[in-house]
Amino acid sequence: MTKIAPSILSADFARMGEEVKSAKAAGADWLHIDVMDGHFCPNLTMGPDMVKALKKSSDLFLDVHLMVTNPENFFESFAKAGADLLVFHIETDPDPTDKIKMIRDLGCRAGLSLNPDKPVSAVLPYLEQVDLVLLMSVFPGYSGQSFIPESLERAAEIRSFIDEHKLDCALEIDGGVSRTTAPDIIKAGVDIVVMGSAFFGDDDRTGIVRYIKSL
Ligand code: DX5
Ligand code: ZN
């Protein structure tokens, strides 16, 4: 069944504790934490202290999405803060093998992400090394952007590769996932959907989780 990872970037920061409780109560599986450095992408968000606070207040799996240049400088502090999964971008390193190993040595699961303009072929050779591939369906920076339709074909291509090679690698998608776009996304073979604005902006959070899981 599809897993749902609400992105706390769309939560009310002044009420973060309650927002996280509400995600858990709604049936969300993971929490997605968008880390931006104002260099890899044009926004600044949060760091390891947020992860530490979330770890204290929730038992949800912490999916940390590093949209930063030189992500390896931060692996240790996020691992110590309680991240369960550390995802970094192929754009930061065309040969990510060493970084993947660093993450594993810190005891976390490792994920690799790619931007909408990066050929899928750039990540395929590394999928046997990671627990998860995170396909961006918007350009990193902000929540509330529109889903890029070409992402469906890209998701299906990654899905076929994973299945064909019998890899133990989950496929996650990030950006513009909503009640409207979810059916095709799930048809394309995505395992985990990140949802920012569509989740935190919905008055019926339990309803949206139930709906996505019913697809
Ligand atoms: C975009 C972030 C996303 C974003 C998703 O740079 O990586 O995780 O918060 O937000 P929505 O679901 O609103 O597109
Ligand atoms: Zn993200």
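Everything quoted here is computed from the prediction, not taken from an experiment.

S.K.: Before we go on, may I ask you to explain the site of ligand 1 in this structure?
M.R.: Not every one of the 20 residues close to ligand 1 is listed here, only the nearest: Asp 34, Gly 144, Asp 174, Gly 196 and Ser 197. Within the contact set of ligand 1, an oxygen atom lies 2.6 Å away from a side-chain nitrogen or oxygen of Asp 174. Relative to its unbound accessible surface of 380 Å², ligand 1 loses 100% to contact with the protein. For ligand 1, the cavity whose grid points lie within 2 Å of the majority of its atoms is the largest pocket. When residues of the shell around ligand 1 are traced back to their parent elements, those giving at least two are strand S2 (30–36), strand S3 (61–67) and strand S8 (192–195). Residue contributions to the shell around ligand 1 peak at three residues, all from S2. By residue class, the composition of the shell around ligand 1 is eight nonpolar, 10 polar and two charged.

S.K.: Got a minute to help me understand the coordination of the zinc ion (ligand 2) in this structure?
M.R.: For a metal with four tetrahedral donors the ideal donor-metal-donor angle is 109.5 degrees, whereas six octahedral donors ideally subtend 90 or 180 degrees. Around the zinc ion (ligand 2), the protein contributes the donor atoms His 32 (NE2), Asp 34 (OD), His 65 (ND1) and Asp 174 (OD), which lie 2.0 to 2.3 Å from the metal centre. Classification of the site at the zinc ion (ligand 2) as octahedral follows from its six donor atoms and the range of 68 to 166 degrees in their angles at the metal. Read in sequence order, the donor residues for the zinc ion (ligand 2) give the motif H-x1-D-x30-H-x108-D. Here Asp 34, found in strand S2, pairs with His 65, found in strand S3; they are 31 residues apart in sequence, far enough to count as distant. On the basis of relative accessibility, which here comes to 6%, the residue Asp 34 falls in the buried class. Its relative accessible area of 0% is what places His 65 among the buried residues.

The rules behind each value
- Residues numbered from 1 in each chain as written.
- Chains lettered and ligands numbered in written order.
- Predicted model: local features only at pLDDT ≥ 70, side-chain atom pairs only at ≥ 80, totals over all residues.
- Heavy atoms only, no water.
- Near = heavy atom within 4 Å.
- Polar contact = N/O pair within 3.5 Å; in protein donor to acceptor, adjacent residues only side chain to side chain.
- Areas by Shrake-Rupley, 256 points an atom, 1.4 Å probe, with all protein chains shown as cover.
- 1 Å grid on protein atoms, 1.4 Å probe; cavity = no way out; pocket = protein on both sides within 12 Å on 5 of 7 lines; lining within 4 Å.
- Sits in = over half its atoms within 2 Å of the grid points.
- Helix = DSSP H or I, 4+ residues; strand = E, 2+ residues; numbered from the N terminus.
- Nonpolar A, V, L, I, M, F, W, Y, C, P; charged D, E, K, R; others polar.
- Donors = N, O, S within 2.8 Å, 3.2 Å for Na, K, Ca; no water.
- Tetrahedral: all angles 85-135°; square planar, octahedral: opposite > 155°, others 65-115°.
- Buried < 20%, exposed > 50% of the residue type's maximum accessible area, 1.4 Å probe, protein only.

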